[in-house]
Amino acid sequence: MENPMFQFEDAERVQLKASIMIEGLSGSGKSGLALLLGFYLANGIWHDVFDVDTENKSANLFAGIPFTTGSAVGKFRVGQLTEAIGYKPTNYLAYREAAVKMGAQVVIEDSISHAWQYKGGVL
């Protein structure tokens, strides 16, 4: 007897949005990797890569820095999520929605740990 809970269907390729989390110690290259991935996911258009920065404009430090691939970080878009705004999860969502409305193909939220332990966070 077949169990109706476990069913299969034919696979069909569809275009979906990716949600990728990068973990690592401070200074291990998470932000740089996120920017490089964002560049490729945005079809090589830096202006379509948006970064929500929670770390005192640290994302700006990557502008113009060369990768080991030989290319350099181009002009991506940066929004500053600060303590004055607060780090509640809905503020991250609002920043992401604003980026999408402005044409973002990729939104990097750097870093989400603030949503846990800083002003407005869930803890």
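Below is a summary of the structure that appears in this document. For every chain, the first residue of the written sequence is number 1, and numbering continues from 1 onward in sequence order. Predicted model: local features are reported for residues with pLDDT of at least 70 only, side-chain atom pairs are reported and counted for 80 or more only, and whole-chain, interface and lining totals are derived from all residues. Side-chain figures throughout are based on the complete set of non-hydrogen atoms in the structure, without hydrogens or water.

Notes on the packing of aromatic side chains
At step 1: Any pair of Phe, Tyr and Trp rings, taking the six-membered ring for Trp, is counted once the centres come within 6.5 Å. Such a pair is stacked with planes under 30 degrees apart, edge-to-face with planes over 60 apart, and tilted for the rest. Counted by the stated rule, this structure contains 4 aromatic pairs.
At step 2: Here Phe39 and Tyr40 contribute two aromatic rings whose centre-to-centre distance is 5.2 Å and whose plane-to-plane angle is 75 degrees, an arrangement assigned as edge-to-face.
At step 3: The buried category is assigned to Phe39, whose relative accessible area is 15%.
At step 4: Taking the centre distance of 4.6 Å and the plane angle of 20 degrees together, the rings of Phe39 and Trp46 count as stacked.
At step 5: Joined through ring pairs, the aromatic side chains of Phe39, Tyr40, Trp46, Phe67 and Phe76 make up one cluster. Only protein chains enter the accessibility calculation, which uses a 1.4 Å probe; a residue is then buried when its area is under 20% of its type maximum, exposed when over 50%, and partly exposed in between.

A few points about the sheet that holds strand β3 (residues 106–110)
At step 1: Taking strand neighbours across the sheet as the criterion, the 3 strands line up as β2-β1-β3 in an open arrangement whose pairing is parallel. Pairing within the sheet leaves two strands with one partner each, and these edge strands are β2 (77–80) and β3. Each neighbouring strand pair of the sheet contributes to a mean axis angle of 20 degrees, computed without reference to strand direction.
At step 2: A pair of strands is considered paired only if DSSP assigns at least 2 bridges between the two. Put simply, DSSP marks the helices as runs of H or I at least four residues long and the strands as runs of E at least two long, and each gets a number from the N terminus on. Two elements, strand β1 (residues 49–53) and β3, share 5 bridges in a ladder whose sense is parallel. Directly across from Val49, in β3, lies its bridge partner Val106.
At step 3: Pairs of residues are marked as contacts when any of their non-hydrogen atoms sit within 4.5 Å. Axes here mean lines fitted to C-alpha atoms, for a helix over just the part in contact, with angles spanning 0 to 180 degrees between N-to-C directions. Packed on one face of the sheet, helix α1 (residues 30–41) meets β1 and β3 and runs near 170 degrees to β3.
At step 4: Seen against the sheet, helix α2 (residues 89–101) touches β1, β2 and β3 and runs at an angle of roughly 155 degrees to β3.

Digging into the nonpolar core
At step 1: Core analysis: the largest hydrophobic core is formed by 13 residues, its most contacted members being Leu35, Trp46, Val49, Phe67, Val73, Phe76 and Ile108.
At step 2: Every element with two or more residues in this core is listed here: α1 and β3.
At step 3: Nonpolar cores are built from buried Ala, Val, Leu, Ile, Met, Phe, Trp, Tyr and Cys residues. Side-chain atoms within 4.5 Å join them into one set. Val52, Leu81, Tyr87 and Ala115 belong to the second-largest nonpolar core, a separate cluster that totals 5 residues.

Brief notes about α2
Residues spaced three or four apart along an α-helix face the same direction, because each turn holds 3.6 residues.
At step 1: Every helix has an expected span of 1.5 Å times one less than the residues it contains. Along its 13 residues, α2 runs 19 Å from first to last C-alpha, staying within 8% of the 18 Å computed at 1.5 Å per residue.
At step 2: Residues of α2 that are buried: Asn91, Tyr92 and Ala99. Buried residues of α2, seen end-on, are gathered within an arc of 105 degrees and therefore sit on one face of the element. The arc in question is traced by the directions running from the helix axis to the C-beta atoms.

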